[in-house]
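# Structural features, examined
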Amino acid sequence: MTNTAPKSIVVIFGATGDLANRKLYPSIYNLYTKGKLSENFAVIGVARRPLENEEFQQNVRNSVSGRFEENREDIEKFSKHFYYLPFNVNDRASYKELKNLAEKLDSTYKTEGNRIFYLAMAPEFFGTIAVNIKAEELTDTEGYTRLVIEKPFGHNLPSAKQLNEKLRHAFSEDEIYRIDHYLGKEMVQNIEVIRFANAIFEPLWNNRYISNIQVTSSEVLGVEDRGGYYEKSGALRDMVQNHMLQMVALLAMEPPIKLNTDEIRSEKIKVLRALRPLEDEDVKKYFVRGQYDAGTLNGKQVPGYREEEKVDPASNTATFVAGKLLIDNFRWAGVPFYIRTGKRMKKKSTKIVVQFKDIPMDLYYKEENEQQNPNLLVINIQPDEGITLYLNAKRPGQNTMTLPVKLDYCNNCIDGINTPEAYEKLIYDCMMGDTTNFAHWDEVALSWRYVDSISKVWENQIATEFPNYPSGSNGPKASDELLAEDGFHWWPVED
Ligand code: BG6
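Report on the accompanying structure. All values reported here derive from a predicted model rather than from experimental measurement.

### Comments concerning the pairing of strand β1 (residues 8-13)
Counting buried positions over the six residues of β1 gives six, a clear majority of the element. Here β1 shows two buried faces, one formed by Ser-8, Val-10 and Ile-12 and the other by Ile-9, Val-11 and Phe-13. As defined by bridge partners, β1 adjoins strand β2 (residues 41-47) across six bridges and the pair is classed as parallel. Counterpart to Ile-9 in the pairing with β2 is Ala-42. Handedness of the crossover is the feature at issue here: the chain leaves β1, passes through helix α1 (residues 18-33), returns alongside β2, and the resulting connection is right-handed.

This is the structure we're talking about:
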């Protein structure tokens, strides 16, 4: 155990929910077993339903069991750091009780007054909780106080502003940790390293050598039991406003002058500011929406979106978005960034393809209709983690013909590398006070501004073409046409 292991009380709002059980407890357990967390921590789980401490601790044990090479004794010891408080977010008395418990545990676990408030519950309560935390003086401690907040951060720019104002009531900007779990993914964090630690890429990383960049995040899952939430959000708010735009910002940003939070964020913000604003006509030209129909996935028949639970049978909600983004700055003028994300697609995959421009003159023979393959740099975010560089080499035995070759680096194939879960890294960053991999308010506001100009058009126009892609496909035809118009095509995600 190192001296730098953080000491803190973590209050989790929504402690009986899916996110807490699936992601948060296992991540905290991992930090614990890796020695990244000292014994000086306690977790207070709060939620509506009445539970005894022992029941809660059993839930925590269940959520970490069966996932890791577990050590029963460790799990037992770990779960004893967890306490439960039945809670009504609208009742000030609940916050008083929370304060008392936090003070008590602070002295038991010697957490030096450090408190993290993690909001892992329905977003309509975010503002109320922050205001009550402040009113009941839960932030008046000797140590640090931090707020971790899950998405959605508002529904559009005006509601995000309102929410932000409420949060700022109790927490300053540098105390607010807005989670975008993509920023915790190993290979998303690797984008910067690939770009800025390799002399061979950065000189080519501009409109002179790159013809287009494609960012795809496709999912096999449908909306599952989240129909109620998803009907209001759709793929645009659920994926584009946050994860997709964050990846674009990391790909397009200038090298920061230092690797610190402010410098990195300020470069990302500049990219978002340089996104070409969208007029209504541009939305029609450059953005494609889709909704999944029934279909076959992995040999199984699955229902269409409109047949899912809590979904309007005439729903206008998009489960797929593809778009062409233009970044108006010196580096990127003229280079399209294509994004695409959807549910119930053929394969679960998040992948970035950087397509380089063709060589000026092709000296090598081809079969009829064959073209020289462009050089591609592929960043595999998930499920495989790694990079692939596509080059052309000599076809063996032939002097004048080429053969495409792949140089592959696979991050999670290397024995012994067990890349930590995004949440594990983000929780640790928060405990260490590092906000780099969280979304700053300016990033959130700029992405909402961009996304709002799309949703405004879509919401005012019924999508008569819906459903327009079968489950198990790569999305609607219009998404292929979007690239074909520019003379490009989507590089397959399954390679
Ligand atoms: C979440 C969305 O933010 O990201 C989900 O709300 C989506 O709808 C998920 O399924 C995808 O995350 P990942 O890590 O599986 O790509």
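Further notes follow.
### Describing the nonpolar core
Side chains of nonpolar character tend, in soluble globular proteins, to be buried together. Among the nonpolar cores identified, the biggest contains 110 residues, and Phe-13, Ile-44, Phe-287, Phe-337 and Ile-352 are the most heavily contacted of them. If one sorts the elements of this core by residue count, helix α8 (residues 227-252) sits on top with 13 residues. Setting aside chain neighbours within four positions, we find Phe-13 in contact with Val-46, Phe-87, Leu-98, Phe-117, Tyr-118, Leu-119, Ala-120, Met-121, Ile-129 and Ile-133.

### So, the side chain of Ser-211
Relative to the assigned elements, Ser-211 resides in strand β7 (residues 210-218). The class for Ser-211 is buried, based on a relative accessible area of 11%. Engagement of the side chain of Ser-211 in a polar contact is seen with the side chain of Asn-212, the distance being 3.1 Å. Ser-211 has contacts with Val-335, Pro-336, Gln-355, Phe-356, Lys-357 and Phe-488, leaving out every residue within four places of it along the chain.

### Quick notes on the packing of α8 against helix α9 (residues 261-274)
Viewed as axis vectors pointing N to C, α8 and α9 meet at an angle of 110°, and their least axial separation amounts to 9 Å. Here α9 runs roughly perpendicular to α8, going by the angle between their axes. Within the contact between the two elements, α8 uses Leu-245, Gln-246, Val-248, Ala-249, Leu-250 and Ala-252 and α9 uses Lys-268, Val-271 and Leu-272. In terms of residue class, the contact of α8 with α9 is built from seven nonpolar, one polar and one charged.

So, how was this worked out
Residues numbered from 1 in each chain as written. Predicted model: local features only at pLDDT ≥ 70, side-chain atom pairs only at ≥ 80, totals over all residues. Heavy atoms only, no water. Buried < 20%, exposed > 50% of the residue type's maximum accessible area, 1.4 Å probe, protein only. Helix = DSSP H or I, 4+ residues; strand = E, 2+ residues; numbered from the N terminus. Pairing = 2+ DSSP bridges. Right-handed = clockwise from strand over helix to strand, strands pointing away. Core = buried A, V, L, I, M, F, W, Y, C linked by side-chain atoms within 4.5 Å. Contact = heavy atoms within 4.5 Å. Polar contact = N/O pair within 3.5 Å; in protein donor to acceptor, adjacent residues only side chain to side chain. Axes fitted to C-alpha atoms, helices over the stretch in contact; angles between N-to-C directions. Parallel < 35°, antiparallel > 145°, perpendicular 65-115°, else oblique. Nonpolar A, V, L, I, M, F, W, Y, C, P; charged D, E, K, R; others polar.

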